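Structural characterization, general
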Amino acid sequence: MPQKSLSVHSLKSLDGPEQPAGGGNDDWLPPKVLLKPPGQLQLTEVELEEELTRILNANNPHAPQNIARYNNKERVFKASPNMEHIVFHFEFDGYTTTEAETGDDVKKSARAPLRNQFNFSERAAQTVNNPFRERSTNTEPPPQRTYSFTVNQWTIFDAYSEDIQHKEKAAKEKAKAPAPGGAKGHKDEDKGAAVSSDAHGEDVYYKNAELRKAMITIERMANQNTFDDISQDYKYWEDASDELGDRKSGTLLPLWKFIFDKEKKKQVTTLCWNPQSTDLFAVGYGSYDFSRQGPGMIACFTLKNPSHPEYVYVTESGVMCLHFHPQHPSMIAVGLYDGTVLVYNIQKKVDAPIFKSTTKGGRHTDPVWQVCWQKDDLDDNLNFFSVSSDGRVTQWTLLKNELLHTDAIALKYDGDAGSHNADDERLFSLAGGCCFDFHKRVEHLFTVGTEEGRIYKCSKDYNSQYLLSFEGHQMSVYTVRYNPFHGSYFLSASADWTVKLWDHNDPKAVMTFDLNGSVGDVAWAPYSSTVFAAVTAEGKVFQVVRKTKLTHIAFNPFEPMILVGDDKGTVISLKLSPNLRRKSQTPDEETTKLETVINLAKGKPSNA
C-alpha cells in the first residue's frame, strides 16, 4: 500500500461538513483526509464508552521460574524462589555543567528548585579505581633447634631461686639509680616527685627545696591554729584534782587523734616512738584476723601535724611489729605477717626497703610478732632480733649487700612428752613465740613469751636449752617488758586477763593484776619504776574507756604522754596528770621503791 505524507493541519474528515467559503485563514490548505486501515475493527458507541481495568505489577513476565542452584551446605540442587524482576528499559550516564553566575542570578538559582531533581550523578560513579598490585617476596625461614632436658624438683627450685635473685638485684639497681623524685617518703616531697619536668600545677613548686621547707612550716602552723585548744592543754593544762585527792590516782587527758584515711579498716598492730625526735612516732597497720589479711602500711606521724603522716611505706603483707634503732633513728626494722623482716631508712627517698629477708635467706614461715635492735657486733654491723610463731628467735645482721640470719634459739616445747605420739612429735616440737625482751644491763639475757602461756629465760650464748621456765599464764603471752630501772624484774601481759610481775630468778610470779579482759599490751613508764600502763580488749587504759578494742600502748620517753592504738586504725594521744608522772631524784631511789613494793607483796619487811 503506498504511503502518503499528510500534514496534521490538512487532515479533514471526508464525512464532515464543509466549511463555508471565506470563513477562515486555512482555506488555502488542502482538505484533511482521515485514513483508516482496511482491517480496523469497527466499535459501537457503547463499546467505546466501556472501561476495561488492567492491574500492573512489578513482576517481570519474562523472568524464568524454574532456576535451580547448588546448595553447598546441603550438597544438593534446590529451586531458587527469589528471582530478579528489575528490568532496565533505558540507561544513560549523564553529567552536569556549571556556568559562572553573578549578582541576582546566583540568588535566584540558589532559591529556585531544580526542574529535574533526578538529573544527577554520584561522584563515586565517576571515580576511576586504581588497579590492585600484588607484591610477594621469598624469605628464609627462622632457624630452628630441637632441645630436650630432664626437669626434676630441685631444678625447678634452683630456677625460681635464681629468678628471685635477679629480681632483687634489679630492684637494688633501680633503688640506687637517681629517681626523678623518690618514692613515698615525706608527703610533700612525694607530691613534688610525682610530677614531670614539664608539668604545670602547684605540685611543681615542691621541687624547690627552700620553698618546700617553707610550705611544710606553713602547714604545721595552720594545723597548730586548727588544734590550738589541744596544743594549749598539752603545754599548760594540769589537772587540779590531783592535789585534792589522795595523790595515789591520776587522770589521762585526751589530746590529738591520728587517723590515716587509707587505713581506716586496718588495725593498729604496733607503736614506736623515735628515740631522737621527741614528736615523731611510727604506726604499723595490719590485721590480727587470719581471714582479713592484705597489704600493710607504715605511717610516721608527728605531733606538729596530726592531719597527715610525714612518711608512708606500703608493704606486701600486714605489719605486725616495728622498732626504731636507738643510735640510728632513721633505721626501722619491720616484721610482717607472712614472716618477712624488712629494714627501712627514712632518710632515703625510696619506698622499697633497703634490706629484705627471702625464703632462701632464712625467712620465717609464720608471722613475726616482735623485732628489737641490739648493739652492733664486733665488726660494727647493725643487727636485730626477731621472734615468730615458727618457734625461732633469729638474729639478722646487716651486711653491705646482704641480710644474714642466725638462729639464736629454737623454742622447744617442754610439755609432757607422753601426751603426744611419735607422729605428732614434729608438730609439737617447737613452741610458738609471741614476744620477747632483752635485759637492760646483761646483753646476752632475754625472755620469750609463747602461745602456750609459758615464758622462757634464754641466753645468746646457750642456744640448746633454757636457763629458766616461768609458768603462770593459762593463755598466750602477748608482751614481756623488763623494768628500765631494776633489771631483775619484768612484766608479762596475757590473754588470760592478767598482768604478772616476775623476778627473772624465780619461776613463780611475784604479783598478779587481774584486769577483767584480754590484755593486749603493757608498758613501763620511762620515769618511774612502779608505774606501768596496760590496754585491754574491753577498751580500757587506766580510767579511760573507749568503745573499740585497744591493741597497743607506748610511753613517750621525753614528754608526759602516751599513745594508744585500737582495732579501727585510730591512734589517740593522752596526757598524764601530775600524779602519774612523779619522778624520783635519782635512779637508785626508783630501784629502792620497786624493791619495797615487791617485799610488801612477798610479805617481807620493808627494810629487807
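A brief look at the structure comes next. (Residues numbered from 1 in each chain as written. Predicted model: local features only at pLDDT ≥ 70, side-chain atom pairs only at ≥ 80, totals over all residues. Heavy atoms only, no water.)

Another point: the overall build of the chain. Scanning the chain from terminus to terminus reveals eight helices and 30 strands. Here the chain holds 608 residues, and the buried ones make up 37% of them. Here the contacts in the chain between residues at least 6 apart in sequence split such that 47% fall between residues at least 24 apart. Just so you have it, the chain exposes about 40,600 Å², and 52% of that area is on carbon and sulfur atoms. (Helix = DSSP H or I, 4+ residues; strand = E, 2+ residues; numbered from the N terminus. Buried < 20%, exposed > 50% of the residue type's maximum accessible area, 1.4 Å probe, protein only. Contact = heavy atoms within 4.5 Å. Areas by Shrake-Rupley, 256 points an atom, 1.4 Å probe, with all protein chains shown as cover.)

Moving on, we come to the pairing of strand S8 (residues 319-324). The element S8 is largely enclosed, with a buried count of six among its six residues. In terms of strand pairing, S8 meets strand S9 (residues 331-336) through five bridges, oriented antiparallel. Across the sheet, the residue bridging to Phe324 is Ile332, located in S9. (Pairing = 2+ DSSP bridges.)

Below, the discussion takes up the nonpolar core. By size, the foremost hydrophobic cluster in this structure holds 22 residues, and its most contacted members are Phe281, Val283, Tyr285, Phe301, Leu303 and Val571. Sorting the residues of this core by element identifies helix H6 (228-236), strand S3 (252-259), strand S4 (267-273), strand S5 (280-286), strand S6 (296-302) and strand S29 (561-566) as the ones contributing at least two each. The element best represented in this core is S3, accounting for four residues. Those residues within four positions of Leu303 in sequence are excluded, and the remaining contacts are Tyr234, Trp256, Phe258, Trp273, Asp279, Phe281 and Met561. (Core = buried A, V, L, I, M, F, W, Y, C linked by side-chain atoms within 4.5 Å.)

A few words now on the sheet that holds S5. Strand pairing in a sheet takes place through backbone hydrogen bonds and is either antiparallel or parallel in direction. Taken in spatial order, the four strands line up as S4-S5-S6-S7 in an open sheet, and their pairing is antiparallel. Two strands in the sheet have a free side with no partner beyond their single neighbour: S4 and strand S7 (311-315). For this sheet, the mean angle separating the axes of adjacent strands, direction not counted, is 20°. Across five bridges, S6 lies against S7 in antiparallel orientation. If you follow Ala299 over to S7, its bridge partner there is Val312. (Axes fitted to C-alpha atoms, helices over the stretch in contact; angles between N-to-C directions.)

This part takes up the sheet that holds strand S13 (residues 383-388). In spatial order, the strands read S12-S13-S14-S15; together these four strands make up an open sheet with antiparallel pairing. Of all strands in the sheet, those bounded by a partner on one side alone are strand S12 (368-374) and strand S15 (403-410). Recorded for the sheet is a direction-independent mean angle of 25° between the axes of neighbouring strands. Strand direction decides the pairing type here: strand S14 (residues 392-398) and S15, joined by seven bridges, are antiparallel. Of the residues in S15, the one forming a bridge with Arg392 is Ala410.

On the surface, a nonpolar cluster with roughly 630 Å² of combined accessible area is contributed by Tyr147, Phe149, Val151, Ile156 and Tyr160. Positionally, Ile156 belongs in helix H3 (residues 153-176). (Patch = residues over 30% accessible without salt bridge, like charges linked within 9 Å, V, L, I, M, F, W, Y side chains within 5 Å. Salt bridge = Lys/Arg side-chain N within 4 Å of Asp/Glu carboxyl O.)

What follows concerns a positive patch on the surface. Residues Lys172, Lys176, Lys348 and Lys400 make up a contiguous surface patch of positive charge. If you trace the backbone, Lys176 turns up in helix H3. (Lys, Arg positive; Asp, Glu negative; His and termini not counted. Charge placed at Lys NZ, Arg CZ, Asp CG, Glu CD.)

What follows deals with the pattern of salt bridges. Within the structure shown, the criterion is met by ten salt bridges. Notably, a salt bridge pairs Asp407 with Arg392, separated by 3.2 Å at the nearest N-O pair. With a gap of 15 residues between them, Asp407 in strand S15 and Arg392 in strand S14 connect regions that are remote in the sequence. Among the charged side chains, a network of salt bridges with common partners joins Asp390, Arg392 and Asp407.

Here we take up the packing of aromatic side chains. On inspection of all chains with the given rule, the structure shows 19 aromatic pairs. Taken together, a centroid distance of 5.5 Å and an interplanar angle of 55° make the contact between Tyr482 and Phe490 tilted. For the pair formed by Tyr482 and Phe490, the shared burial category is buried. An aromatic cluster is defined as three or more aromatic residues linked by ring pairs; in this entry it consists of Phe258, Trp273, Phe281 and Phe301. (Phe/Tyr/Trp six-rings, centres within 6.5 Å; stacked < 30°, edge-to-face > 60°.)

The subject of this paragraph is helix H5 (residues 209-226). Taking 1.5 Å per residue as the helical rise, H5 with its 18 residues ought to reach 26 Å, and the 26 Å between its terminal C-alpha atoms agrees with that figure. Among all positions in H5, only Arg212, Ile216 and Asn223 are buried. The buried residues of H5 occupy one face: seen down the axis, they fall within an arc of 45°. Exposed side chains of H5 directed beyond 90 degrees from the buried face belong to Glu210, Ile218 and Asn225. (Expected span 1.5 Å × (residues − 1). Arc of directions from axis to C-beta.)

This part covers unusual backbone geometry. Here the phi dihedral of Arg75 falls at roughly 60°; this positive angle occurs in a residue that is not glycine. Looking at where Arg75 falls in the secondary structure, it is placed in the loop between strand S1 (68-71) and strand S2 (76-79). Phi at Trp497 takes a positive value of approximately 80°, unusual for a residue other than glycine. Classification of Trp497 as partly exposed rests on a relative accessible area of 42%.

A few words now on helix H8 (residues 587-602). Here H8 contains 16 residues, and its C-alpha end-to-end distance of 23 Å stays within 8% of the 22 Å for a straight helix at 1.5 Å per residue. For H8, the set of buried residues is Glu590, Thr591, Leu594, Ile598 and Asn599. Of the surrounding elements, those touching the buried residues of H8 are strand S21 (489-494), strand S22 (498-503) and strand S23 (509-514). Trailing H8 by a residue or two, Gly603 shows a phi angle of about 85°, which is positive.

Next up on the list: the environment of Gln293. Within the secondary structure layout, Gln293 lies in the loop between S5 and S6. Here the alpha-carbon distance between Gln293 and Gly318, two residues 25 residues apart in the chain, equals 6.7 Å. Not counting chain neighbours up to four residues away, the residues in contact with Gln293 comprise Ser287, Tyr288 and Tyr337. Reaching out from Gln293, the side chain makes a polar contact with the backbone oxygen of Ser287 at a distance of 2.8 Å. A polar contact is formed between the side chain of Gln293 and the backbone oxygen of Asp289, at a distance of 2.7 Å. (Polar contact = N/O pair within 3.5 Å; in protein donor to acceptor, adjacent residues only side chain to side chain.)

Inspection of the secondary structure puts Asp239 in the loop between H6 and helix H7 (241-244). Asp239 sits in the buried class, given a relative accessible area of 14%. Along the primary structure Asp239 and Leu576 are separated by 337 residues, whereas in three dimensions their C-alpha atoms are 9.1 Å apart.

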